Amino acid sequence: MKRKFKCISCAKKMTVLILVIAILLVSVMTGCSYNSAPKKVADKKKSINIGLCFDSFVIERWLRERDTFVTAAKELGAKVNVQNANGDVKEQISQIDYLISQNVDVIVIIAVDCEAISDAVKRAKNKGIRVISYDRLIKNVDADLYISFDNETVGRDMGKAMKHALPHGGKIFEIKGSSADDNVIRVEKAFKQEISEAGIDIVYSDYCKGWSAKAAGEYVEKALEKYPDVDGIMCGNDDLASEVARVLSENRLSGKVALIGQDADLLACQRIVEGTQKMTEFKKVEELAKTAAYFAVKIAKGEKYYKAGDSGQKKENDEKSSDYIATKKIDNGKSLVPYYSLKPVMVTKSNLDSIIIDSGFHTKEEVYLNVTKKKS
């Protein structure tokens, strides 16, 4: 009996030992599974998510900039969520809120209305999301960066072109872009300063809400009824100028009225070589978009992107992200925002080939299409 009990006791001990080992194995395996997941997350590099919110794609340049920005950002390892408000400020506000809900790192905004979206931008900032004002300065909010072309230079160049076209002065119309676009105000101010002592009188002036080309045409038709002897028309951009050119053509005034614009749209460049537009302002929009992408990634990473001073901005064609440093600030009505500007270039018939065609912005075949047709 004692021997049998001993065997039973051994058996029970063996069973307990097996159970203990099994529990230990389960615990070890379970522990590995819980510990491995956080390690993977910790080891995995956090992806950068950027929201890119456009006013619309009506203006020719915006499509170029969208593609360039997305490509540059992807090359830097970032993902881009592109939104298009189609010129509707309420839609843009909704899209900004959507990007906030997606918890993106940075939102880059081409504002429909530089003041109306301020509260939406504040909501993004309150969530810790960084915001870049692209091309148009968002007002009354602590944005992290404003990047654009030098709009004062644009206005001065347009004024110089008008003075050159009208050396003895004359009457002109101002067909401006949206009053909700801060750039429009800056360009107009510089333009007026440039022509102030040239004997050039602005006899008609109006804003095109939402940069409406249709409105531009209607304004010129109305202005011509009162001032059929107009000498020049300053247009907020080349898209507006295209509609104005149509109205001038219908009134047999093509080439007789000094027409100027900006953005170097293809149709504008064609008009310049044809002699029906005097100038446009060329902006390296791909350079602007690529620079904005570099800044967005730097800001998302928490890297330094602003340093006070008068020099130090990235030299053109230098693609080292470490050199993308803003060195000045601009007042947006509430605070001084770090500001990075690119220099635009005045384009006339005399330098169009070297600036537009040689740079590859438009091809010679495209620009001279109508001239070639006339010759043939």
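Up top you'll find the structure we're talking about.
Presented here is a report on the structure given in the accompanying data block. These numbers were taken from a predicted model, which means no experiment stands behind them. (Residues numbered from 1 in each chain as written. Predicted model: local features only at pLDDT ≥ 70, side-chain atom pairs only at ≥ 80, totals over all residues. Heavy atoms only, no water.)

### A short note on the packing of aromatic side chains
Okay, step 1: Under the criterion given, the structure shown has nine aromatic pairs.
Okay, step 2: Taking 4.9 Å as the distance between ring centres and 50° as the angle between the ring planes, the aromatic pair formed by F54 and F57 counts as tilted.
Okay, step 3: What makes F54 buried here is its relative accessible area of 1%.
Okay, step 4: Ring geometry for F54 versus W62: centroids 6.1 Å apart, planes at 65°, classification edge-to-face. Grouping residues by exposure puts F54 and W62 together as buried.
Okay, step 5: Members of the aromatic cluster, joined through ring pairs, are Y294, F295, Y324 and Y340.
Okay, step 6: Above the face of the F361 ring, R64 is positioned so that its terminal group lies 3.9 Å from the ring centre.
Okay, step 7: Residue placement shows R66 over the ring face of F57; its charged tip is 5.1 Å from the ring centre. (Phe/Tyr/Trp six-rings, centres within 6.5 Å; stacked < 30°, edge-to-face > 60°. Buried < 20%, exposed > 50% of the residue type's maximum accessible area, 1.4 Å probe, protein only. Lys NZ or Arg CZ within 6 Å of the ring centre and 35° of its normal.)

### As for the nonpolar core
Okay, step 1: In terms of nonpolar packing, the biggest core is built from 71 residues, with F69, I175 and I233 touching the most fellow members.
Okay, step 2: Top contributing element to this core by residue count: helix 10 (residues 285-301), with 10 residues.
Okay, step 3: Residue contacts for I175: discarding those within four places in its chain leaves Y204, D206, C208, A216, Y219, V220, I233, M234, C235, G236 and L240.
Okay, step 4: Counting residues in each nonpolar core, the second largest holds 17 residues, with C53, A111, I117 and A124 among its members. (Core = buried A, V, L, I, M, F, W, Y, C linked by side-chain atoms within 4.5 Å. Helix = DSSP H or I, 4+ residues; strand = E, 2+ residues; numbered from the N terminus. Contact = heavy atoms within 4.5 Å.)

### Considerations on the sheet that holds strand 11 (residues 328-331)
Through backbone hydrogen bonds, the strands of a sheet pair up, either in parallel or in antiparallel fashion.
Okay, step 1: The mixed open sheet is built from seven strands, whose spatial order is 2-1-3-4-5-12-11. Across the chains shown, the open sheet's two edge strands, defined by having one partner strand only, are strand 2 (78-84) and strand 11. Geometrically, the sheet is characterised by an average inter-axis angle of 30° between neighbouring strands, direction not taken into account.
Okay, step 2: When strand 1 (residues 48-54) meets strand 2, the two strands line up parallel, connected through seven bridges. (Pairing = 2+ DSSP bridges. Axes fitted to C-alpha atoms, helices over the stretch in contact; angles between N-to-C directions.)

### Things to note about the packing of helix 7 (residues 213-226) against helix 8 (residues 238-250)
Between two packed helices, what matters for the description is the angle formed by their axes and the separation of those axes.
Okay, step 1: The geometry of helix 7 relative to helix 8 is characterised by a closest axis approach of 8 Å and an angle of 40° between their N-to-C directions. The pairing of helix 7 with helix 8 is recorded here as oblique in orientation. Between helix 7 and helix 8 lies a crossing of right-handed hand. Seen from helix 7, the contacting residues are A213, K214, A216, G217, V220, E221 and L224; seen from helix 8, they are D239, L240, E243, V244, R246, V247 and E250.
Okay, step 2: Among the residues forming the contact of helix 7 with helix 8, the class breakdown is seven nonpolar, one polar and six charged. (Parallel < 35°, antiparallel > 145°, perpendicular 65-115°, else oblique. Left-handed = near helix turned anticlockwise from the far one by under 90°. Nonpolar A, V, L, I, M, F, W, Y, C, P; charged D, E, K, R; others polar.)

### Side note on the sheet that holds strand 7 (residues 200-207)
Okay, step 1: Read across the open sheet, the four strands follow the order 7-6-8-9; overall the sheet is parallel. At either margin of the open sheet sits one strand with a lone partner, and together these are strand 7 and strand 9 (258-260). Adjacent strand axes in the sheet meet at a mean angle of 15° when their direction is disregarded.

### Re the environment of S196
Okay, step 1: Along the chain, S196 turns up in the loop between helix 6 (182-195) and strand 7.
Okay, step 2: Distance from S196 to G159, taken between C-alpha atoms, is 9.2 Å for residues 37 residues apart in sequence.
Okay, step 3: For S196, the side chain forms a polar contact with the main-chain oxygen of Q193, separated by 2.9 Å. (Polar contact = N/O pair within 3.5 Å; in protein donor to acceptor, adjacent residues only side chain to side chain.)

### A short note on the environment of I147
Okay, step 1: Tracing the backbone through its elements, the reader meets I147 in strand 5 (residues 145-149).
Okay, step 2: Spatially, the C-alpha atoms of I147 and L342 are 8.1 Å apart, while their sequence positions differ by 195 residues.
Okay, step 3: The contacts of I147, once residues within four sequence positions are left out, are I132, S133, Y134, D135, L288, T291, A292, F295 and Y340.

### A look at the side chain of R186
Okay, step 1: With respect to the secondary-structure elements, R186 resides in helix 6.
Okay, step 2: A distance of 2.5 Å separates a polar atom in the side chain of R186 from a polar atom in the side chain of D182.
Okay, step 3: Those residues within four positions of R186 in sequence are excluded, and the remaining contacts are L137, N151, E152, I330 and D331.

### Structural notes on the packing of helix 2 (residues 60-75) against helix 10
Okay, step 1: Closest axis-to-axis distance for the helix 2/helix 10 pair is 8 Å, and the angle between their directions is 40°. Helix 10 is crossed by helix 2, and the crossing has right-handed handedness. Taking contact as the criterion, the partners of R61, R64, E65, T68, F69, A72 and A73 in helix 2 are, on helix 10, V285, E286, L288, A289, K290, A292, A293 and A296.

### Considering helix 3 (residues 89-101)
Okay, step 1: The end-to-end C-alpha distance of helix 3 is 19 Å, a good match for the 18 Å that 13 residues give at a rise of 1.5 Å each.
Okay, step 2: For helix 3, the complete set of buried residues consists of Q92, Q95, I96, L99 and I100. Buried residues along helix 3 cover an arc of 145° about the axis, so they all sit on one side. Helix 3 presents K90 and S101 as exposed residues on the side facing more than 90 degrees away from its buried surface.
Okay, step 3: Those residues of helix 3 hidden inside the fold are in contact with strand 1, strand 2, strand 3 (106-109) and helix 4 (118-126). (Expected span 1.5 Å × (residues − 1). Arc of directions from axis to C-beta.)

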